[in-house]
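Residue-level listing of the chains:
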There are 2 protein chains.
Amino acid sequence: MAKSQYIVVVGCGQLGSILANHLSSEGHSVVVIDQNEHHFSKLSTAFSGFRIVGDAVESAILKRAKTDKADCFFAVTDQDNINLMVAQIAKEIFQVPKVLARVYDPAREQSYRDLDISTISPTLLSAQAFLDILQPSQVVQA
Amino acid sequence: MAKSQYIVVVGCGQLGSILANHLSSEGHSVVVIDQNEHHFSKLSTAFSGFRIVGDAVESAILKRAKTDKADCFFAVTDQDNINLMVAQIAKEIFQVPKVLARVYDPAREQSYRDLDISTISPTLLSAQAFLDILQPSQVVQA
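Rules of the game
- Residues numbered from 1 in each chain as written.
- Chains lettered and ligands numbered in written order.
- Predicted model: local features only at pLDDT ≥ 70, side-chain atom pairs only at ≥ 80, totals over all residues.
- Heavy atoms only, no water.
- Contact = heavy atoms within 4.5 Å.
- Buried area = accessible area lost by both parts, 1.4 Å probe.
- Salt bridge = Lys/Arg side-chain N within 4 Å of Asp/Glu carboxyl O.
- Polar contact = N/O pair within 3.5 Å; in protein donor to acceptor, adjacent residues only side chain to side chain.
- Helix = DSSP H or I, 4+ residues; strand = E, 2+ residues; numbered from the N terminus.
- Buried < 20%, exposed > 50% of the residue type's maximum accessible area, 1.4 Å probe, protein only.
- Right-handed = clockwise from strand over helix to strand, strands pointing away.
- Pairing = 2+ DSSP bridges.
- pLDDT = per-residue confidence, 0-100.
- Axes fitted to C-alpha atoms, helices over the stretch in contact; angles between N-to-C directions.
- Parallel < 35°, antiparallel > 145°, perpendicular 65-115°, else oblique.
- Left-handed = near helix turned anticlockwise from the far one by under 90°.
- Least-squares fit on C-alpha atoms with pLDDT ≥ 70 in both.

Engineer: Looking at this model, I keep getting lost on the interface of chain A and chain B. Mind explaining?
Structural biologist: Often, the extent of an interface is quoted as the loss of accessible area upon association of its parts. Listed by partner, the interface residues are 39 residues for chain A and 40 residues for chain B. Each partner contributes to the roughly 3,300 Å² buried at the junction of chain A and chain B, and carbon and sulfur atoms together form 74% of this total. Among the residues chain A hides against chain B, the three largest losses belong to Ile18, Phe130 and Leu134 of chain A. Together they make up 22% of the total. Applying the counting criterion to the chain A and chain B interface returns zero salt bridges. Across the chain A-chain B interface, the total number found is zero residue pairs in polar contact (both at pLDDT 80 or more). For the side of chain A that touches chain B, the secondary-structure elements that each account for two or more residues are α1 (14-25), β4 (72-75), β5 (98-102) and α5 (122-134) of chain A.

Set out below in structure tokens:
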């Protein structure tokens with residue numbers, strides 16, 4: 001196993017729960033934050049991390065998650081605006097070295113890049129995957 | 001350019017419009033179907049395909065799109081249920097050789113596989129991309 005890292009995941013939807021379950025199973029220390037405690041039901045019984053119910057836009061919640069100690073911060077709620085906001089707080093206030101955010105709208109990626117936040121766009125990844133199946137070796141751009 | 005194909009795209013959201021614009025620019029014949037004609041504003045001015053306003057679950061709409069002549073059919077609305085339904089109709093009624101659908105919920109992928117429909121899961125693609133950045137060479141599963 002690679003060196004254990006401390007990872008904060010904001011948003012426990014499908015993506016957040018897959019990441020949290022996987023990272024926990026790999027021996028990483030994981031804290032998951034979600035406003036809706038019912039979303040934690042997506043975590044596997046083997047999940048050994050922490051769950052925090054709350055709004056990650058509030059610094060108090062990120063403090064409770066010990067975000068200042070995090071090696072890595074994933075902003076993966078369903079809302080681009082929230083992801084951008086919490087990723088920015090994690091980067092600038094809590095100085096997390098590695099901050100990644102999901103962004104649905106490819107047009108917003110530049111805003112993240114300007115803030116030195118890495119982004120994952122499900123839309124562009126999907127477009128590329130569709131084109132790869134149709135006709136390998138083409139590169140798609142937004 | 002590769003051989004021009006006839007491609008039906010259901011859903012003109014972010015993914016559908018990126019695919020339609022790209023495929024049209026590559027010289028393919030593209031028909032885009034969406035229930036909301038405002039969504040066609042995402043198509044570029046260079047888009048040379050056809051737009052059909054309507055519910056693709058209705059066979060009449062798919063007939064109007066000449067789905068029986070299609071080489072390829074993309075079901076990329078925002079709803080897994082709709083994607084599964086129209087993909088199934090394209091495969092079974094209109095005998096489209098290549099049918100691909102977007103599916104958000106990884107748990108539903110088996111239903112598609114049972115129907116011989118290829119799926120693209122933005123959730124799994126994103127999870128893999130996050131993990132690749134964190135720690136290259138791990139494979140994630142739902």
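Engineer: Quick question: what am I supposed to make of the pairing of strand β2 (residues 29-34) of chain B here?
Structural biologist: Within a regular beta strand, the side chains point alternately toward one face of the sheet and then the other, so they alternate between its two faces. Residue and element names in this part refer to chain B. Counted residue by residue, β2 has five buried out of six residues, so it is predominantly covered. The parallel pair strand β1 (residues 6-10) and β2, bridged by helix α1 (residues 14-25), forms a crossover whose chirality is right-handed. With four bridges connecting them, β2 and strand β3 (residues 50-53) associate as parallel partners. Bridge pairing in β3 places valine 31 opposite phenylalanine 50.

Engineer: When you look at the confidence of the model for chain A in this model, what are you seeing that I'm missing?
Structural biologist: When pLDDT is averaged across chain A, the result is 91; 94% of the residues are at 70 or more. Model confidence for the complex: the whole-complex pTM is 0.85, and ipTM, which rates the interface, is 0.87.

Engineer: Hey, could you run me through unusual backbone geometry in this one?
Structural biologist: Residues apart from glycine generally show negative phi values, whereas peptide bonds are mostly found in trans. A positive phi angle is found at aspartate 116 of chain A, which is not glycine, with a value near 65 degrees. Within the secondary structure layout, aspartate 116 of chain A lies in the loop between α4 (109-114) and β6 (118-120). Unusually for a residue other than glycine, lysine 66 of chain B sits at a positive phi of about 55 degrees. Its location among the elements puts lysine 66 of chain B in the loop between α2 (59-64) and β4 (72-75).

Engineer: Any chance you could explain the environment of serine 24 of chain B here in plain terms?
Structural biologist: All names here are of chain B. Relative to the elements of secondary structure, serine 24 occurs in helix α1. On the basis of relative accessible area, serine 24 is assigned to the buried category, the value being 7%. When the C-alpha atoms of serine 24 and phenylalanine 47 are compared, they prove to be 5.9 Å apart, with 23 residues separating the residues in sequence. Apart from the residues lying within four places of it in its own chain, the contact partners of serine 24 are Val30, Ala46, Phe47, Ser48 and Gly49. Side-chain polar atoms of serine 24 contact the backbone nitrogen of serine 48, separated by 3.0 Å.

Engineer: Is there a simple way to think about the packing of α1 of chain A against helix α5 (residues 122-134) of chain B in this case?
Structural biologist: Angle between the axes and distance between the axes are the two parameters that describe a pair of packed helices. Taken N-terminus to C-terminus, the directions of α1 of chain A and α5 of chain B make an angle of 45 degrees; their axes are 9 Å apart at the nearest point. Taken together, the axes of α1 of chain A and α5 of chain B are oblique relative to one another. Of the two possible hands of crossing, α1 of chain A and α5 of chain B adopt the one that is right-handed. Residue-level inspection shows Gln14, Leu15, Ile18, Leu19, His22 and Leu23 of chain A of α1 of chain A in contact with α5 of chain B, the latter providing Thr123, Leu124, Ser126, Ala127, Phe130, Leu131 and Leu134 of chain B.

Engineer: Would you explain the relation of the copies chain A and chain B in this entry?
Structural biologist: The operation relating the two chain copies consists of a rotation about an axis and a shift along that axis. Superposition record for chain A on chain B: RMSD 0.0 Å, screw rotation 180 degrees, translation along axis 0.0 Å. The operation mapping one copy onto its partner corresponds to a two-fold rotation axis. Measuring from the rotation axis to each C-alpha of chain A, the shortest distance belongs to proline 122 of chain A, at 2.5 Å.

Engineer: What should I look at first to understand the sheet that holds β5 of chain A in this one?
Structural biologist: The pairing of strands in a sheet comes from backbone hydrogen bonds and takes either a parallel or an antiparallel form. Residue and element names in this part refer to chain A. Across the sheet, six strands lie side by side as β3-β2-β1-β4-β5-β6; this open sheet has parallel pairing. The strands lining the two open edges of the sheet, one partner per strand, are β3 (50-53) and β6. Strand-to-strand twist across the sheet, computed as the mean angle between neighbouring axes with direction ignored, equals 20 degrees. Bridge count between β5 and β6: three bridges; the pairing is parallel. Bridge pairing in β6 places leucine 100 opposite serine 118. In the packing of helix α3 (residues 80-92) onto the sheet, contacts are made with β1 (6-10), β4 and β5, and the angle to β5 comes to roughly 175 degrees.

Engineer: Explanation requested: the pattern of salt bridges in the structure shown.
Structural biologist: Pairing between side chains of opposite charge can happen when their charged atoms approach one another. Counted by the stated rule, this structure contains 10 salt bridges over all chains. Note that lysine 69 of chain A is salt-bridged to aspartate 68 of chain A, the shortest N-O span being 3.9 Å. The class for lysine 69 of chain A is exposed, based on a relative accessible area of 57%. You can call aspartate 68 of chain A partly exposed: its relative accessible area is 46%. Measuring nitrogen to oxygen at the nearest pair gives 3.8 Å for the salt bridge that ties lysine 91 of chain B to aspartate 116 of chain B. Of this pair, lysine 91 of chain B sits in helix α3 (residues 80-92) while aspartate 116 of chain B sits in the loop between α4 (109-114) and β6 (118-120), placing them 25 residues apart in sequence. Overall, the relative accessible area of 54% leaves aspartate 116 of chain B in the exposed class.

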